Amino acid sequence: MKSREEEYKEIFIGEALEYYDALNRHISDLEKNPENDSLLAEIFRLLHNMKANAKAIGYIHISELSHKLETAFELIRNKKLAFADEAVTILFDGIDLLGELINNLDQEDYQAQDENIIRNLDIIVQTGESGNKPGDKAVEVAKGPKYLNSKNIQLSDLIYIQIKKLDHLLNLVGELIIDRDRIISISKELDHPDLTSVSSHLYRLTEDLQFSVMDARLVTIGSLFNKFPRIVRDIAVAEKKEIHLDITGQDIQIDRNILQIITDSLLHIMRNAISHGIEPAEVREAAGKPAVGNISLSAQSDRDMVQIKLSDDGKGIDLNDVRRGIVQKGYLPAEAANELRDSEVLSYIFEPGFSLAKQITEVSGRGVGLDVVKNAIDSIGGRIRIDSEKGKGTTFTLHLPTSIAVKGALLFEVDSSFYAIPLMHTDSVVALDKDELHEIGGLLVADIKNETITVISLNEFLTADEKTMNLGSKAKLQGVVQNIIIVTYNNRKLGLIVDKLFRQQDIVVKALNKPVDIIEIYGGVTLLGSGKVCLVLDVPALTRYFLTKK
Amino acid sequence: MEQEERKDKRDRKVEPMVHLIVFKLGSEEYGIRIEQVKEVTVTPEVARMPKTPKFIKGIANIRGDIIAIMDLEERFHIRLPDDAISLGNYKNTYTLTLEASDYTIGLIVREMPQSLTIPISQIDKTPAFIQDLNINENFIEGIGKINGRLIIVLDILRILTSDELQQLRVLS
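Looking at an unreviewed UniProt entry, chain B carries the name Chemotaxis protein CheW, with the source organism given as Adhaeribacter aerolatus.

Chain A has the name Chemotaxis protein CheA in an unreviewed UniProt entry, where Adhaeribacter aerolatus is given as its organism. The UniProt entry for chain A carries this comment under Catalytic activity (unreviewed entry): "ATP + protein L-histidine = ADP + protein N-phospho-L-histidine."

K.L.:
Sorry, what's going on with the interface of chain B and chain A here?
P.N.:
Many analyses report the size of an interface as the accessible area lost when the parts associate. Tallying the contact residues gives 30 residues for chain B and 39 residues for chain A. Of the roughly 2900 Å² buried between chain B and chain A on both sides combined, carbon and sulfur atoms contribute 58%. There are 2 salt bridges connecting chain B and chain A. Between Arg48(B) and Asp415(A) there is a salt bridge; the shortest N-O distance is 3.5 Å.

K.L.:
What exactly am I supposed to notice about helix 17 (residues 370-379) of chain A here?
P.N.:
Because the α-helix completes a turn every 3.6 residues, residues three or four places apart line up on one side. Judged by how many residues are buried, helix 17 of chain A sits mostly within the fold: 9 of 10 residues are covered. Within helix 17 of chain A the residues assigned to the buried category are Leu370(A), Asp371(A), Val373(A), Lys374(A), Asn375(A), Ala376(A), Ile377(A), Asp378(A) and Ser379(A). The inward-facing, buried residues of helix 17 of chain A abut helix 11 (256-277), strand 6 (383-389), strand 7 (393-401), strand 16 (500-508) and strand 17 (522-527) of chain A together with strand 5 (56-62) of chain B.

K.L.:
What exactly am I supposed to notice about the packing of helix 4 (residues 85-103) of chain A against helix 5 (residues 115-130) of chain A here?
P.N.:
In a packed pair of helices, the relevant descriptors are the angle between the two axes and the axis-to-axis distance. All names here are of chain A. Between helix 4 and helix 5, the shortest axis-to-axis distance is 10 Å and the interhelical angle comes to 135°. Comparing their axes, helix 5 and helix 4 come out oblique. For the pair helix 4 and helix 5, the sense of crossing is left-handed. Contact residues: Ala87, Ile90, Leu91, Asp93, Gly94 and Leu97 in helix 4; Ile117, Ile118, Asn120, Leu121 and Ile124 in helix 5. Per-class residue counts for the contact of helix 4 with helix 5 are 8 nonpolar, 2 polar and 1 charged.

K.L.:
Would you take a moment to explain the sheet that holds strand 6 of chain A for this structure?
P.N.:
In any sheet, the strands associate via hydrogen bonds between backbone groups, in a parallel or an antiparallel arrangement. All names here are of chain A. The strand order across the open sheet formed by 5 strands is 2-4-5-7-6, and the pairing between neighbours is mixed. On the outer flanks of this sheet lie strand 2 (243-248) and strand 6, each paired with one strand and no other. On average, adjacent strands in this sheet sit at an angle of 10° to one another, irrespective of strand direction. Pairing geometry for strand 6 and strand 7, over 7 bridges, is antiparallel. Directly across from Arg385, in strand 7, lies its bridge partner Thr397. Across the face of the sheet, helix 10 (residues 228-239) comes into contact with strand 2 and strand 4 (293-302) while running at roughly 160° to strand 2. Strands in contact with helix 17 are strand 6 and strand 7; relative to strand 6, the strand with the most contacts, it is inclined by about 140°.

K.L.:
I'm lost on the packing of aromatic side chains in this one. Help?
P.N.:
Any aromatic ring pair is given by two values, namely how distant the centres are and how the planes are angled relative to each other. Evaluation of the coordinates by the stated rule reveals 5 aromatic pairs over all chains. Note on Phe418(A) and Phe502(A): the rings are 5.5 Å apart at their centroids and 40° apart in plane angle, and the pair reads as tilted. You can see Phe418(A) sitting in strand 9 (residues 417-422) and its partner Phe502(A) sitting in strand 16, a full 84 residues away along the chain. For Phe418(A), a relative accessible area of 22% corresponds to the partly exposed category. Lys51(B) extends its terminal NZ or CZ atom over the ring of Phe461(A), reaching a point 4.3 Å from the ring centre. The cationic tip of Arg75(B) hangs over the ring face of Phe55(B); the distance from NZ or CZ to the ring centre is 4.8 Å.

K.L.:
Would you explain unusual backbone geometry in this entry?
P.N.:
The bulk of non-glycine residues show a negative phi, and the bulk of peptide bonds are trans. Residue and element names in this part refer to chain A. In the Ramachandran plot, Lys79 falls in the positive-phi region, its phi being about 60° despite a non-glycine side chain. With respect to the helices and strands, Lys79 occurs in the loop between helix 3 (60-77) and helix 4. The backbone of Ser416 sits at a positive phi, close to 55°, despite the residue not being glycine. Position of Ser416 relative to the elements: it lies in the loop between strand 8 (406-414) and strand 9.

What counts and what doesn't
Numbering of residues begins from 1 in every chain and follows the order in which that chain's sequence is written. Following the order in which they are written, the chains are lettered starting with A and the ligands numbered starting with 1. The predicted origin of the model limits local features to residues at a pLDDT of at least 70 and limits the giving and counting of side-chain atom pairs to 80 or more, whereas totals for whole chains, interfaces and linings rest on all residues. With hydrogens and water excluded, all non-hydrogen atoms of the structure serve as input to the side-chain values. UniProt positions are given in the numbering used here, feature names are shortened, and annotations may be inferred rather than shown by experiment. Contact definition: two residues touch when any of their heavy atoms are within 4.5 Å. Here's the idea: put two parts together, see how much 1.4 Å probe accessible area each one loses, and the total over both is what we call buried area. Here a salt bridge means any side-chain nitrogen of Lys or Arg lying within 4 Å of a carboxyl oxygen belonging to Asp or Glu. Using a 1.4 Å probe on the protein chains alone, a residue whose accessible area is under 20% of its type maximum counts as buried, one over 50% counts as exposed, and one in between counts as partly exposed. Counting from the N terminus, the helices are DSSP H or I runs at least four residues long and the strands are E runs at least two residues long. Here, axes are lines fitted to C-alpha atoms. For helices the fit covers the stretch in contact, and angles between N-to-C directions go from 0 to 180 degrees. Here the word oblique covers every angle except those under 35 degrees (roughly parallel), over 145 (roughly antiparallel) and from 65 to 115 (roughly perpendicular). Handedness of a crossing is defined here by the sense of rotation of the near helix relative to the far one, left-handed for an anticlockwise turn of less than a right angle and right-handed for a clockwise turn. Here the term charged refers only to Asp, Glu, Lys and Arg, the term nonpolar to Ala, Val, Leu, Ile, Met, Phe, Trp, Tyr, Cys and Pro, and the term polar to all other amino acids, Gly among them. For two strands to be treated as a pair, DSSP must find at least two bridges joining them. A pair of aromatic rings is counted whenever rings of Phe, Tyr or Trp (Trp by its six-membered ring) have centres within 6.5 Å, and the orientation is called stacked for planes under 30 degrees apart, edge-to-face for over 60 and tilted otherwise. Each ring is checked for a lysine NZ or an arginine CZ that lies within 6 Å of its centre and within 35 degrees of its normal; such an atom marks a charge sitting over the ring.

So this is what it looks like as structure tokens:
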């Protein structure tokens, strides 16, 4: 695991090398165009940034050298020094030295042979400042060693990549794994030694591949946590409260998309903690607490999960208020509510609509939109828990998976239930008039874009009794215009008539739990943002089902 | 043999007790040992799951876990009393979350389940007539009697591991 310093160092090196490349480009251009002011300004800006970044992270060599170069270029910009003759050589050397220093940051015992270059730089700066022409000193300049020019071309070790590309890669891996599992089951059936050995090798390779792709998507939680000090300060100022924020565990790694999804949730909980959890200073002091409210935000890794905790030492939640709310909102009768364990009582805070109980939110100050937070966490297969003690404070614990597999899917409705089909299996979506469907051989057939495609009504398939099911009857279809999703599998196309088409969406497919995990036509299940359960149809199984039927 | 066992238990000074969660199916009362019940909740929205046996009502999201919801009345072919309300969209019903060794399943019940502690001696174990009942495969652990109530104690682990659930495989 990388420490924060190492991460910062990598980022610094990545950026510095980019600056270095840009500097080289610009200074070469400048040599041909010494009068170009915009080039000079750009060089000046790059050096200035490099100086500031290096100083911030403590690379004094780099920051000092950048400063000297910056000074020299300032003189050139102010026409006190001509970008010609020795000055050009010296400045090129200086920039080379900069690259050398950046490239050797990893070598602890690296000692740059920089005396000559630094001295030469000092000389041209002095001469520029004093307004004299470099005289005999220039001879000395030329004697400086040229060892730096012999270095190889260096490309940066870091690349920027769009998360979209990594998503695509992960989806491909997901598909590969589905096919791999099929190959493995076929190999078990055939029991051929060669096939067995190659499929077990394939298994190891794909596992490795999946792991590597997931690893490439990991970022440190610090990239989110480090935004909080400022946010907390702003909310605290608005609420006229003083907050001490303690952050730990920034080094823990997590999938970038998971971090993206929980960002709003974490912000929401943080806002609640500051505005409703932490009491005003005078109330705290009266209760014998320090006037400054404490909030801690921590991350911890726990096997395949990451645990994020947000604790405050505020007023906590009064369980009896929540119990009253449960009864008031009609979730449970009073005697049942009283029997609930404390942890169960608190879990009702996440129920949709619970937050609307005015009395509750006024008293405890919690619960506004916590169902939205919970849905977000659920949708990535995580969990959220709340612990609270009246007068002592509240802790939210988020258990999150470190990685997710997201798939694009098409959502639709059949018989008032939600279903999804992964986009990798959808070909197109068409709307056909009922007249364009023909009853042929116990099935419906349509001519779509000059292709004859078998079409079935998903409503009939999913709801009718096996014995009376009639997939070839137009009489069963409702309405005139039929929405049809064309799916493909093994180059075979099948049209599925759905009741209502919704949008395209990225979903996280969860495997079904026992005992319903053995029903082949379902590839899994996903939770929609609304908290509704949505079954994911497995197109290969569905098409196989029809092949065996016919 | 059994008689002796029961006598032994009665002779002990502290009567061992069984803690049951009691609910109604049809017009009779049934009980499940509390260790086998993970939690009791108001039934959340149940998404139908076509191509499953009738006693699987669908799947539901209970605290982030997607679990199958089972209707034991349907399962045991229990005839409902004539005044029974229809389950409708499961509004006002409760779900018992049961934990088997390798999975969790929800059980729909019409009324708020109660918790009840009865002496183990009051559970009549496998009397001969149970074999004749409609509920077969020995799902019944015994018949509990307390204060004139008769409670059918179910062995839920056996229900969850029975061959009947393997029916699912045939359908797919």
